[in-house]
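Listed below are the residues making up each chain.
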Amino acid sequence: MSRVGLEGQVAVVTGAARGVGELLARKLSARGAKVALVGLEEEALKEVSGRLHTDSAYWYADVTDHEAMSRVAREVKERFGKVDIVVANAGVANGGPFAESDPEAWRRVIEVNLIGSAVTARAFLPVLTESRGYLLQIASLAAITPAPMMTAYCASKAGVEAYAHSLRAEVGHQGVRVGVGYLSWTDTDMVRGADQDEVMRELRQRLPWPANKTYPLGPAVDRIVAGIERRSAHVYGQWWLRGMQGVRGYLPALIGTVGQREMKRFAPRLQGMRTGLVGAGGAADEEARATHRH
């Protein structure tokens, strides 16, 4: 597909304070896009915005809050005049056995990753329709394959993939393109946070190659930028993920068998695992909700 130059385009990135969102904002800006940053870490967003090469601004907002995101969409349009690209990237994760999981953390993963993505799209679809723009939904390898100890994350990413594919069919005739981005384990605060748990780290290292590696952030984000330029329906942060699509039908049965064996091996070590949200982004989400409650 032909590429769309990003010079003068207006891009919105959620979860932009760190990780994929932050680097994506920087790379889009380096290609001439104006960037609106959205997230829960106001100081970090301000710093990211200050380092960008082009006109940028930031908004503190919880992606699960429909009123807040509708306001952000209005203000971004007022500030920049249009919106061409929206990347629904905000996400959180937790890990550990489902039966012992913290119900609130489990629910929050679904709320941020799935509901928050839908709230983001609902808020920005009117302006994307005006510009005949592009919505990129960040999913994951977890959308393609189930994984024990990651029930909430896999459910949220499989859900968001299905929702984005459905939406693509709805809005295509209006000139809006919808893409789904897939990433394997990529070197972010979220993955490093998950790796702080010894059992989660070891389980991950026992996955078959190439799913047992942590991949550098830069090349993955370069691939996402190229996907945005092409308005691609599928964007793969690592080269081998495209090949997973052809075998995904076999994976639940395979992982059901192999995973059962692995869980039996690790069972004595599963007591007392941390069950809250992982990484600095998870901590920011928990802090924002605690502040909101008081």
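Owing to the predicted nature of the structure, the values given are computational and were not obtained by experimental measurement.

A. Structural context of the pattern of salt bridges. Counted by the stated rule, this structure contains 25 salt bridges. The salt bridge involving Asp-222 is made with Lys-27; its shortest N-O contact spans 2.9 Å. Of this pair, Asp-222 sits in helix H9 (residues 217-230) while Lys-27 sits in helix H1 (residues 19-30), and the two are 195 residues apart along the sequence. Ionic pairing is found between Glu-198 and Arg-269, a salt bridge with its closest N-O pair at 3.1 Å. You can see Glu-198 sitting in helix H8 (residues 198-205) and its partner Arg-269 sitting in the loop between helix H11 (251-266) and helix H12 (279-293), a full 71 residues away along the chain. Owing to a relative accessible area of 47%, Glu-198 belongs among the partly exposed residues under this scheme. One continuous salt-bridge network, built from bridges that share partners, spans Asp-62, Glu-104, Arg-108, Glu-111, Asp-285 and Arg-289.

B. A look at helix H3 (residues 66-80). With 15 residues, H3 extends 21 Å between its outermost C-alpha atoms, agreeing within 8% with the 21 Å of an ideal straight helix rising 1.5 Å per residue. The distance from a side-chain oxygen at the start of H3 to the backbone nitrogen of Glu-67 is 3.1 Å, and the residue carrying that oxygen is Asp-65. Residue Gly-81 follows H3 closely and has a positive phi angle near 90°.

C. Spatial organisation of the packing of aromatic side chains. Counted under the stated rule, the structure contains four aromatic pairs. For the pair Tyr-182 and Tyr-236, a centre-to-centre distance of 5.3 Å together with 15° between the ring planes defines the contact as stacked. Of this pair, Tyr-182 sits in strand S6 (residues 177-182) while Tyr-236 is found in strand S7 (residues 234-236), placing the two residues 54 residues apart along the sequence. Each of the two residues, Tyr-182 as well as Tyr-236, counts as buried. Considering the side-chain rings of Trp-209 and Trp-239, the 6.4 Å spacing of their centres and the 50° angle between planes classify their relative orientation as tilted. Of this pair, Trp-209 sits in the loop between H8 and H9 while Trp-239 sits in the loop between S7 and helix H10 (241-244), and the two are 30 residues apart along the sequence.

D. Up close: the sheet that holds strand S5 (residues 134-138). Strand order in the open sheet formed by seven strands is S3-S2-S1-S4-S5-S6-S7, and the pairing between neighbours is parallel. The sheet is open, and its two edges are formed by strand S3 (56-60) and S7, each paired on a single side. Within this sheet the neighbouring strands show an average axis-to-axis angle of 20°, counted without direction. Bridging between strand S2 (residues 34-39) and S3 involves five bridges; their strand directions are parallel. The residue bridging Leu-37 from the neighbouring strand is Tyr-58, located in S3. Helix-sheet contacts for H3 involve strand S1 (10-14), S2 and S3, and the interaxial angle to S3 is about 165°. This element, helix H6 (residues 151-171), spans S5, S6 and S7 of the sheet and lies at about 160° to S6.

E. View of the environment of Tyr-182. Looking at Tyr-182, the relative accessible area reads 1%, which means it is buried. For the pair Tyr-182 and Leu-141, spaced 41 residues apart in sequence, the C-alpha to C-alpha distance is 5.8 Å. Once residues lying within four places of it in the same chain are set aside, the contact partners of Tyr-182 are Ser-140, Ala-143, Ile-144, Glu-161, His-165, His-234, Val-235, Tyr-236, Gly-237, Gln-238, Leu-241 and Gln-245.

F. Broad picture of the pairing of S1. With five of five residues buried, S1 is to be regarded as a mostly interior element. On S1, burial covers both faces: Val-10, Val-12 and Thr-14 on one face and Ala-11 and Val-13 on the other are all buried. As defined by bridge partners, S1 adjoins S2 across five bridges and the pair is classed as parallel. Each residue of the ladder has a partner; that of Val-12, found in S2, is Ala-36. Handedness of the S1-H1-S2 crossover: right-handed. Here S1 pairs with strand S4 (residues 85-88) via three bridges, running parallel. By the bridge assignment, Val-12 is partnered in S4 with Val-86.

G. Expanded view of the side chain of Asp-197. Mapped onto the elements of the fold, Asp-197 is located in the loop between helix H7 (189-195) and H8. The buried charged residue Asp-197 lacks any salt bridge, with Arg-269 as its nearest oppositely charged partner at 7.2 Å. At a separation of 3.1 Å, a polar atom in the side chain of Asp-197 contacts the main-chain amide nitrogen of Met-200. Asp-197 has contacts with Met-273 and Arg-274, leaving out every residue within four places of it along the chain.

H. Spotlight on the packing of H1 against H9. Running from N to C, H1 and H9 cross one another at 60°; their axes reach a closest spacing of 10 Å. Considered as vectors, H1 and H9 are oriented oblique to each other. Crossing handedness for the pair H1 and H9: right-handed. In contact with Gly-19, Val-20, Leu-23, Leu-24, Lys-27 and Leu-28 of H1, H9 contributes Leu-217, Gly-218, Val-221, Asp-222, Ile-224, Val-225 and Ile-228.

Parameters and conventions
- Residues numbered from 1 in each chain as written.
- Predicted model: local features only at pLDDT ≥ 70, side-chain atom pairs only at ≥ 80, totals over all residues.
- Heavy atoms only, no water.
- Salt bridge = Lys/Arg side-chain N within 4 Å of Asp/Glu carboxyl O.
- Helix = DSSP H or I, 4+ residues; strand = E, 2+ residues; numbered from the N terminus.
- Buried < 20%, exposed > 50% of the residue type's maximum accessible area, 1.4 Å probe, protein only.
- Expected span 1.5 Å × (residues − 1).
- Polar contact = N/O pair within 3.5 Å; in protein donor to acceptor, adjacent residues only side chain to side chain.
- Phe/Tyr/Trp six-rings, centres within 6.5 Å; stacked < 30°, edge-to-face > 60°.
- Pairing = 2+ DSSP bridges.
- Axes fitted to C-alpha atoms, helices over the stretch in contact; angles between N-to-C directions.
- Contact = heavy atoms within 4.5 Å.
- Right-handed = clockwise from strand over helix to strand, strands pointing away.
- Lys, Arg positive; Asp, Glu negative; His and termini not counted.
- Parallel < 35°, antiparallel > 145°, perpendicular 65-115°, else oblique.
- Left-handed = near helix turned anticlockwise from the far one by under 90°.

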